[in-house]
Structures are given as C-alpha cells and as structure tokens.
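# Observations on the three-dimensional arrangement
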Number of protein chains: 2
Amino acid sequence: MERIMDSQLEDLKKLTLEMGGLVEKAITISTAGLLKKELNSLKEVHRIEENINDLQKKIDEQCLQVLAKQGPVAKDLRLILSIIKINTDLERMGDQCVNVAHLSRELIERGFANSLSDMEQMFKCTSEMVKASLDCFVRMDIAAAEKVLKMDDQVDAYKKKINLQSIELMKTDTEHLQDHLDYILIARNLERLGDHATNIAEDVIFAFSGKDVRHGNN
Amino acid sequence: MERIMDSQLEDLKKLTLEMGGLVEKAITISTAGLLKKELNSLKEVHRIEENINDLQKKIDEQCLQVLAKQGPVAKDLRLILSIIKINTDLERMGDQCVNVAHLSRELIERGFANSLSDMEQMFKCTSEMVKASLDCFVRMDIAAAEKVLKMDDQVDAYKKKINLQSIELMKTDTEHLQDHLDYILIARNLERLGDHATNIAEDVIFAFSGKDVRHGNN
C-alpha cells in the first residue's frame, strides 16, 4: 500500500514541476517578447496557459484519487494539500503571464518608447523568485523556502519604482498615457507573480515541516 | 463514525460562512468608506482582514484533521477540497478589500473629486456577486452557482468603463493623475473580487455535482 502511494506522490510532484516549468517558460517568453518586441512569441504564452489549465485539472483529479483511495496521513497528507494549493497558485501565475503578454502586445503595437531597464531588472528578479520557489519544492528545502519569502521585498521595490517613474512621465507625456498605465499594470502583474511564489514557499514550509507561517504569526 | 464526520463538516461549513460574512462586511465598509468619505471606517477593514487571516488558518487546520482522522470519500471529500479552495479565495478577497480601503483612504486624504456614480454601481454589482457565491454554497445550489458565473461579465464591463473614463480624464486633468490611477486600481481590485466569487461558484459546482467546470472545457 505504502509503495503505491509513494509512486503516486512522486507522479504528483512531477506533474507539479511540469506545470511550474510551463509557468517559468511563460515568464521567459513574456519577458523576451516585451524586451525584444517580438509579437509572435507573445502568442505562444496563450498556448502555454492552455497547457497549464489542463494540468491544473489533471493534478486536482489525481490528488482527489490519492486522498480517496490511499487515505494518507501526516506528512503525505500535508504534501498533497500543499500540492493542491501550489496547483492553484501556478494556474493563476499562468493568468498573470497572459496579462503581461497581452499588455506587452498592446505596447509593441502602439510603438511604445518607455525605457525598459527597470522592467528588465524586475522581470529578472521575479523569474529568480519563481524559480527559487519551485527549486525549494523539488529539494524539499525549508531553509531555501524561507529565503524565497525575503525575495519578495525586492520585487515590491521595483514595482514601486516603476509606478512612481510612470506617474512622473504621465505628467509631461500626456500623449502616451495608456503606455505608461500599461507599464504600471505589467509591473503589478509581476508583483503578483512574486506573491504567488511567496505562497508556494509557504506551502513548501508547511508540507515539509508542518509549520503554517502564513501572515507572519509563527 | 459517519455522524462525527457530519458534525465536523457542518462546523467547517459554518466557519467558511463566518469567513464569507467577514469578507462581505469588509466590502460593505470599504464601499461606504469611499462613498461617504469616512476615514475611520476604512481602518476597520484592516481589523476584519486580521480576523479573516486567523479563520483561514483555523479552517485549513480543521480540514487537515478531518482528512487525517475520518478519511472521507466521494461527496464528503469533494466538499472538503472545495472548502480548502474557497478558504484560499476568501483570504485573498480580504487582501483585495484592504487594497480598496488603502486606495480609498489616499483618495480621501488628497480630497479627490472623481465622480463616484459608476464606482458605486460597480461596488453594488460586485457585492451582489460575492453574496450570491456564498449563498449558493450555503444552499448547495448548483443552478444558482451557474448564475454567479454569468454575473462576472457585468463586473468586467464596469471595470472597462471606469478604465476608459479615467484615461480620458487623465488627458486633461494632469494635476490629479494619481487620483485617476487609484480609481483605475480600485476598479481592478473589485474585478478581482468578482474573479474570486467565480472561483467559489466553480468550487460549489464541483463539491455538489462532481463536475469540474473551470476553464470552460466542460
């Protein structure tokens, strides 16, 4: 019985990482799409999101099967509950990537002229955070998950910086208000990607230590 | 054994509704705070959010206990999984309300002069959608949950309208760019409240029918 569950949990972990890999790919393509002004690659993000959505349903279905048939307890149960939550986060991260791709396409089509240096840094920082959150899940590494939680401050700082700069630009460059607004919205979507990576790290800590560190009360 | 689980599931439903009630209260207070320009009531939203966060942890803990000790299957298991997901949505809805309260306070402190008529309508429409999503959970009403899914279009339409109007105003009223931007962001937070209500309705359909209607593939 135990060995069946072990292999089912391994399968679930693999599927979760497959989904995480798709989210990472969607972030990379969105970034490259905006920075290199490639419209075609942005379409690819929509296709990836569909795969993410399919995987979400598949993972939930398999979690339900394991819960119903194997009746897991203790750390096995915590792992499954964490996978259910990580699954939800990854699906929403797919949505954020689609938003970024959509806003980027509009910016490119309007021939935007915003400076991309801070946005490039913010993309890099967010990607690293997402990657780190998935790595700590693979390696069941609680210390690494705690580090992920601290990475969020930097993502937030970039969002604030881009927000302030865009507002300043809006004051003089009223012809491109929509461009500056879209830029603010892209930064907000990246910030939310960071929030989801935080959730994943919190779920990893719960799965492998049993500690619920959400809302900083523990 | 069955009777113990029944009473535990009843408790979990009650806690979920208590949390839903707090989210509804937070929306009502945020609305009244902005529309009547009441700074004090906006502080109350932060206190409510803390209660929501505490309930989130309590509900997750109780779900884990029931899963570990009672080994539920079929509809009982689906109900618990749905409660775990609804719990996540309600907690995020608490965050949205805090965002709305924060943006509203800033608008009030700057003495904003935006027209509130569309925002009032959008608040009303979003509140109704959130209420309807909780009602269909209480009444285990799949047909009502399907109606909730259709309400999202109206919320989205208000967001688009407010977005376009604010961009128009920004073009001529450059002194109040931050006000118009905050207004856009409040509408986006309300839109996300609507998205969470959609998730809740989808979870209700899954819990009481077994059908996974997410991503419109079924």
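Residues numbered from 1 in each chain as written. Chains lettered and ligands numbered in written order. Predicted model: local features only at pLDDT ≥ 70, side-chain atom pairs only at ≥ 80, totals over all residues. Heavy atoms only, no water.

Here we come to the nonpolar core. In globular proteins that are soluble, nonpolar side chains generally tend to be buried together. Within the largest apolar cluster, 146 residues are counted, with the highest numbers of intra-cluster contacts made by M119 and I186 of chain A together with M119 and I186 of chain B. Apart from residues lying up to four places away in sequence, M119 of chain A is in contact with L34, I162, Y183, I186, A187 and L190 of chain A. (Core = buried A, V, L, I, M, F, W, Y, C linked by side-chain atoms within 4.5 Å. Buried < 20%, exposed > 50% of the residue type's maximum accessible area, 1.4 Å probe, protein only. Contact = heavy atoms within 4.5 Å.)

We now examine the interface of chain A and chain B. Each side of the interface is counted separately: chain A has 37 residues, and chain B has 37 residues. Across the chain A/chain B interface, buried area totals approximately 3400 Å², and carbon plus sulfur atoms make up 62% of it. At the junction of chain A and chain B, the tally comes to six salt bridges. The closest approach of N and O atoms between R92 of chain B and D89 of chain A, which form a salt bridge, is 3.6 Å. Run the count over chain A and chain B and you get twelve residue pairs in polar contact (both at pLDDT 80 or more). Of all the elements in the fold, those that place two or more residues in the side of chain A that touches chain B are α2 (39-70), α3 (74-109), α5 (142-172) and α6 (177-209) of chain A. Top element by residues in the side of chain A that touches chain B is α6 of chain A. It accounts for ten residues. The class makeup of the residues in the side of chain A that touches chain B is 14 nonpolar, ten polar and 13 charged. (Buried area = accessible area lost by both parts, 1.4 Å probe. Salt bridge = Lys/Arg side-chain N within 4 Å of Asp/Glu carboxyl O. Polar contact = N/O pair within 3.5 Å; in protein donor to acceptor, adjacent residues only side chain to side chain. Helix = DSSP H or I, 4+ residues; strand = E, 2+ residues; numbered from the N terminus. Nonpolar A, V, L, I, M, F, W, Y, C, P; charged D, E, K, R; others polar.)

Residues and elements named next belong to chain A. Two numbers describe how helix α4 (residues 117-138) lies on α6: the axes approach to 9 Å, and their chain directions differ by 15°. If you check the angle between α4 and α6, you find them roughly parallel. By crossing handedness, the relation of α4 to α6 is classed as left-handed. Here M119, M122, F123, T126, M129, V130, S133, C136 and F137 of α4 come into contact with α6, specifically with Y183, I186, A187, L190, E191, L193, G194, A197, T198, I200, V204 and F208. Looking at side-chain class alone, the contact of α4 with α6 contains 16 nonpolar, four polar and one charged residues. (Axes fitted to C-alpha atoms, helices over the stretch in contact; angles between N-to-C directions. Parallel < 35°, antiparallel > 145°, perpendicular 65-115°, else oblique. Left-handed = near helix turned anticlockwise from the far one by under 90°.)

Take the confidence of the model for chain A next. Across chain A, pLDDT averages 95, with 98% of residues at or above 70. Reported confidence for the predicted complex is 0.95 by ipTM and 0.96 by pTM. (pLDDT = per-residue confidence, 0-100.)

Attention now moves to the relation of the copies chain A and chain B. The two copies are related by a screw operation: chain A maps onto chain B through 180° of rotation and 0.0 Å of translation along the axis, at an RMSD of 0.0 Å. Both chain copies can therefore be described as sitting about a two-fold axis. Nearest to the rotation axis, the C-alpha of G71 of chain A is located 2.7 Å from it, this being the minimum over chain A. A high fraction, 100%, of the interface residues of chain A reappear at the interface in chain B, so the copies pair face to face through one surface. (Least-squares fit on C-alpha atoms with pLDDT ≥ 70 in both.)

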